[in-house]
Amino acid sequence: MGYAHDYAAAIMQRGRVPMPPVDFVPNWSDGPRKAKYYPGVDSLPLPAADYPADASLDRAFGFTDGAPGAGEFDLTSLSGMLLDSYGLTGRRLGVQANTDLSALPFYPLANWSRGSASGGGLYPVSVYWVSGPNGPVTPGVHYYSTRHHTMQRLLTGDVSGEVREALGGYANETFTDQYLVLGIKYWQNSFKYNSFSFHAVSMDLGAAVQTWRMWAGARGLSVEPAMWFDEARLQKLLGVDGDEEGVFAVVPLKWAQGKASSPTGPVSGDVSVRHRDIERSREVFTFDALLKMQAATSEHAPERPAPGALAPAAAPPVNPDLPLAPLPAARPMPGDVRTVLRRRRSSFGRFDASRPVTAEQLAACLAASSTGSRLGGDTGTGTGSDGVRLAKLYAFVNHVDGLEPGAYEYDPDARELRLVKAGRPGEFLQRNYFLSNYNLEQAGAVLVPTVRTSAVLDAVGDRGYRLVNATIGAVAQSVYTACSALELGCGVALGFDNVSYIEELGLDATGEAPLLIMMIGNERPAPADFRYEIA
């Protein structure tokens, strides 16, 4: 067993046994930027993006018939997808229960909204565009500047062959010379979360990719990440230190070719981005657990799992002996993806139990969550298989019309619930939540995704930890987006006692690890909010 097993066990126990360094306190005045800074590079402004009227969320989730993802990207659609997922779209300010409320009115600490969710609102994912000769710009490597919605040129020249070689056989299955490469600069998150940060940032990766999958799916496009490739080769190409920035995913883009071109091979010689990110923090710390997880999850990165390797780690089936709680048909979500993503936000203690969630709304949130439980048709491994559902979902029902309070497990195929434990769960939920920014009893329901983490690591090695958490991040983004469409509040949190949830749901026998809690419900009317759109 590799180090990822030890790290996963420490994450499960951290509510009872704190992870070192236990005395670490973030230096907020010396924190990093929320994006990388490359001074002196040329910038390419991205075009305004159109959005088709039929790009509904129901289509994005696959709830209605639509094109099977055979469309092709162009510069306009790439621009729109990046803006609606990771670009800054507006400023938010409202009276709520989070601990950073007092700082938000000050402009340097303003809360800028984005379509994707992020742990702590830190957004550590770096998006690079490697464009070959079939693209719309001079071939090279670009960094997506979220603050300016521009592509910053880091290298000129066709290096798409380097990415293709790093992907190995997966590149032959999805030929293109246009790639989005997703890196994570650890200090953008670890300055706050220290050793816990690897757990959080790998979920951020999943949330970003799931936003792209929904956005693209609504337009008849396809986005599927590869997560096994030669990571060291891509780190060298991007000019990043492997201990400071991991490369977590590569997304090949099927491109509308302006001219025919044969695939290029690897670049001869020492080719690498020479520009360097300038760090704002005067003092940067490293954390032993973070360094070990980067090393463990990148050591065998080029060794793609064989087809079917993840099958033994699939989510366990629903227990048919448990009492059945039928759900009505899911409430439709016809709103367009762009509008829904820009409306998405965290509720931070605004839930109001006096207005229960409807069973149709709960059914829609549960159905949406299942689209994230398979992170891509090949589960991110690049094996070309039909995909394996890794995540299972449980629901603690507080206030839902037509459903008795209790803990349920969700059957995504039959779209129904099975009662695990009857009784009001509010006291259990609040007792095992560490923070003061939510009253979980006031939420209509608390959804809990689980993954058999140890089984995944046994099946595909330590790099499977990234896949586990990316899958959980994808589930969270799906639920956030569905709630926005359904006009429900939503909040996601990692600060809870994982072991207590294992005990409450009886998960010891299956090896399921509860990794996140997602609260949904109606909010108090007439909130005090300020919102200013900038995109």
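Model, not experiment: these values are computed from the prediction.

## Side note on the overall build of the chain
- Per the secondary structure count, the chain includes 15 helices and 17 strands.
- Computed over its C-alpha atoms, the radius of gyration of the chain comes to 22 Å, within 12% of the 24 Å expected for a compact globule of 535 residues.
- In terms of its C-alpha atoms, the chain occupies a principal-axis envelope of roughly 65 × 50 × 50 Å.
- Of the roughly 20200 Å² that the chain leaves accessible, carbon and sulfur atoms contribute 52%.
- Of the side chains in the chain, 47 bear a positive and 57 a negative charge, and the two mean positions are spaced by 5 Å.

## Observations concerning the sheet that holds strand S4 (residues 125–131)
- Overall, antiparallel pairing links the six strands, which are arranged S1-S6-S5-S4-S7-S8 in an open sheet. Two strands lie at the open edges of the sheet, namely strand S1 (43–45) and strand S8 (245–252), each paired on one side alone. Averaged over all pairs of adjacent strands, the angle between their axes in this sheet comes to 30 degrees, without regard to strand direction.
- The pairing of strand S5 (residues 140–145) with strand S6 (residues 150–156) spans six bridges and is antiparallel. By the bridge assignment for S6, Val 141 is matched with Leu 155.
- Docked against the sheet, helix H4 (residues 160–167) engages S4, strand S7 (178–185) and S8, running at close to 70 degrees with respect to S7.
- In the packing of helix H8 (residues 231–238) onto the sheet, contacts are made with S4, S5, S7 and S8, and the angle to S8 comes to roughly 100 degrees.

## Points about the packing of helix H11 (residues 359–372) against helix H14 (residues 464–486)
- Two elements in contact, H11 and H14, have axes whose closest approach is 8 Å; the angle formed by their N-to-C orientations is 145 degrees. Handedness of the H11/H14 crossing: right-handed. Residue-level contacts link Gln 361, Ala 364, Cys 365, Ala 368, Ser 369, Thr 371 and Gly 372 of H11 to Thr 471, Ala 474, Val 475, Ser 478, Val 479, Ala 482, Cys 483 and Leu 486 of H14.
- For the contact of H11 with H14, a count of residues per class yields nine nonpolar, six polar and no charged.

## Regarding the packing of aromatic side chains
- In the structure shown here, the tally under the stated rule is 24 aromatic pairs.
- Seen from their ring centres, Tyr 86 and Tyr 123 are 5.2 Å apart, and the 80 degrees between their planes marks the pair as edge-to-face. Here Tyr 86 is found in the loop between helix H3 (75–85) and strand S2 (90–94), whereas its partner Tyr 123 is found in the loop between strand S3 (111–113) and S4, with 37 residues between them in sequence.
- Residue class for Tyr 123 comes out buried when judged on its relative accessible area of 7%.
- Between Phe 396 and Tyr 501, the aromatic rings sit 5.6 Å apart at their centres with planes inclined by 80 degrees, giving edge-to-face as the arrangement. With Phe 396 in strand S10 (residues 391–397) and Tyr 501 in helix H15 (residues 498–505), this pair connects stretches of sequence that are 105 residues apart. Across the pair, exposure class does not vary: Phe 396 and Tyr 501 are buried alike.

## Looking at the environment of Arg 374
- Structurally, Arg 374 is set in the loop between H11 and S10.
- Placed 34 residues apart in sequence, Arg 374 and Val 340 show a C-alpha to C-alpha distance of 22 Å.
- Not counting the four nearest positions on each side in its chain, Arg 374 is found in contact with Arg 213, Gly 387, Val 388 and Arg 389.

## Considering the side chain of Arg 59
- Within the fold, Arg 59 resides in helix H2 (residues 57–60).
- A distance of 2.8 Å separates a polar atom in the side chain of Arg 59 from the backbone oxygen of Ala 218.

## Here we look at the sheet that holds strand S17 (residues 529–533)
- Strands sit in the order S3-S2-S17 across an open sheet of three strands; the sheet is antiparallel. A strand with exactly one partner marks an edge of an open sheet, and here the two such strands are S3 and S17. Neighbour-to-neighbour, the strand axes of this sheet turn through a mean angle of 30 degrees, independent of strand direction.
- In terms of strand pairing, S2 meets S3 through three bridges, oriented antiparallel. Residue pairing for S3: Gly 90 is matched across the bridge by Ser 113.

## Looking at the packing of helix H1 (residues 3–13) against helix H13 (residues 453–460)
- Between H1 and H13, the shortest axis-to-axis distance is 10 Å and the interhelical angle comes to 170 degrees. Taken together, the axis directions place H1 and H13 in an arrangement best described as roughly antiparallel. Note on element contacts: H13 touches H1 through Thr 453, Ser 454, Leu 457 and Asp 458, opposite Ala 4, His 5 and Ala 8.
- Looking at the contact of H1 with H13, its residues break down into three nonpolar, three polar and one charged.

## Looking at the pairing of S4
- For S4, a buried count of seven out of seven residues is recorded, marking the element as mostly surrounded by other parts of the structure.
- Covered by surrounding structure in S4 are Val 125, Val 127, Trp 129 and Ser 131 together with Ser 126, Tyr 128 and Val 130, the residues of both alternating faces.
- Where S4 meets S7, seven bridges bridge the pair, whose relative direction is antiparallel. Within the sheet, the bridge partner assigned to Ser 126 lies in S7 and is Gly 183.
- Sheet analysis places S4 next to S5, joined by four bridges and oriented antiparallel. What sits directly across from Val 130, in S5, is Val 141.

## Examining the pattern of salt bridges
- Per the stated rule, a full pass over the model turns up 23 salt bridges.
- The partner of Glu 162 in a salt bridge is Arg 233, and the shortest N-O contact between them spans 3.1 Å. You can see Glu 162 sitting in helix H4 and its partner Arg 233 sitting in helix H8, a full 71 residues away along the chain.
- Here Glu 162 falls in the buried class, since its relative accessible area comes to 11%.
- When its relative accessible area of 27% is taken as the criterion, Arg 233 is described as partly exposed.
- Residue Arg 389 is joined to Asp 413 by a salt bridge in which the shortest nitrogen-to-oxygen separation is 3.7 Å. Linking Arg 389 in the loop between H11 and S10 with Asp 413 in the loop between strand S11 (406–411) and strand S12 (416–422), this pair joins segments that are 24 residues apart in sequence.
- By relative accessible area, Arg 389 is classed as buried at 16%.

Conventions we followed
Sequence order as written defines the numbering, with residues in each chain counted from 1. Under the rules for a predicted model, residues below a pLDDT of 70 receive no local features and side-chain atom pairs below 80 are neither given nor counted, while totals for whole chains, interfaces and linings still include all residues. Values shown for side chains rest on all heavy atoms present in the structure; no hydrogens or waters enter the calculation. Elements are defined by DSSP. Helices are runs of H or I of four residues or more, strands are runs of E of two residues or more, and each kind is numbered from the N terminus. Note that the radius of gyration is over C-alpha atoms, with the globule rule given as 2.2 Å times the number of residues to the power 0.38. Each accessible area is a Shrake-Rupley result for a 1.4 Å probe, and residues are judged covered by the shown protein chains and nothing else. Charged residues are defined narrowly, with Lys and Arg counted positive, Asp and Glu counted negative, and His plus the chain ends left uncounted. Charge positions come from single atoms, namely NZ of Lys, CZ of Arg, CG of Asp or CD of Glu. The rule for pairing is simple: two strands pair if DSSP sees at least two bridges between them. Axes here refer to lines fitted to C-alpha atoms; in helices the fit is confined to the stretch in contact. Angles between the N-to-C directions go from 0 to 180 degrees. Contact between two residues is taken to exist if any of their heavy atoms lie within 4.5 Å; hydrogens are not considered. Left-handed describes a crossing whose near helix is turned anticlockwise from the far helix by less than a right angle; the clockwise case is right-handed. By the convention adopted, Pro, Cys, Tyr, Trp, Phe, Met, Ile, Leu, Val and Ala count as nonpolar, Lys, Arg, Asp and Glu as charged, and the other residues, Gly among them, as polar. What counts as a ring pair is set by centres within 6.5 Å for rings of Phe, Tyr and Trp (its six-membered ring), and what kind of pair is set by the plane angle: stacked under 30 degrees, edge-to-face over 60, tilted for all other angles. Accessibility here uses a 1.4 Å probe with only protein chains present; expressed as a share of the type maximum, an area under 20% marks a residue as buried, one over 50% as exposed, and anything in between as partly exposed. Polar contact is defined as a pair of N or O atoms within 3.5 Å, subject to the rule that within protein one atom must be able to donate a hydrogen and the other to accept it, and that residues adjacent in sequence are counted only when both atoms are side-chain atoms. An angle counts as roughly parallel when it lies under 35 degrees, as roughly antiparallel when it exceeds 145, as roughly perpendicular when it falls between 65 and 115, and as oblique in every other case. Think of a salt bridge as a Lys or Arg side-chain nitrogen and an Asp or Glu carboxyl oxygen that are within 4 Å of each other.

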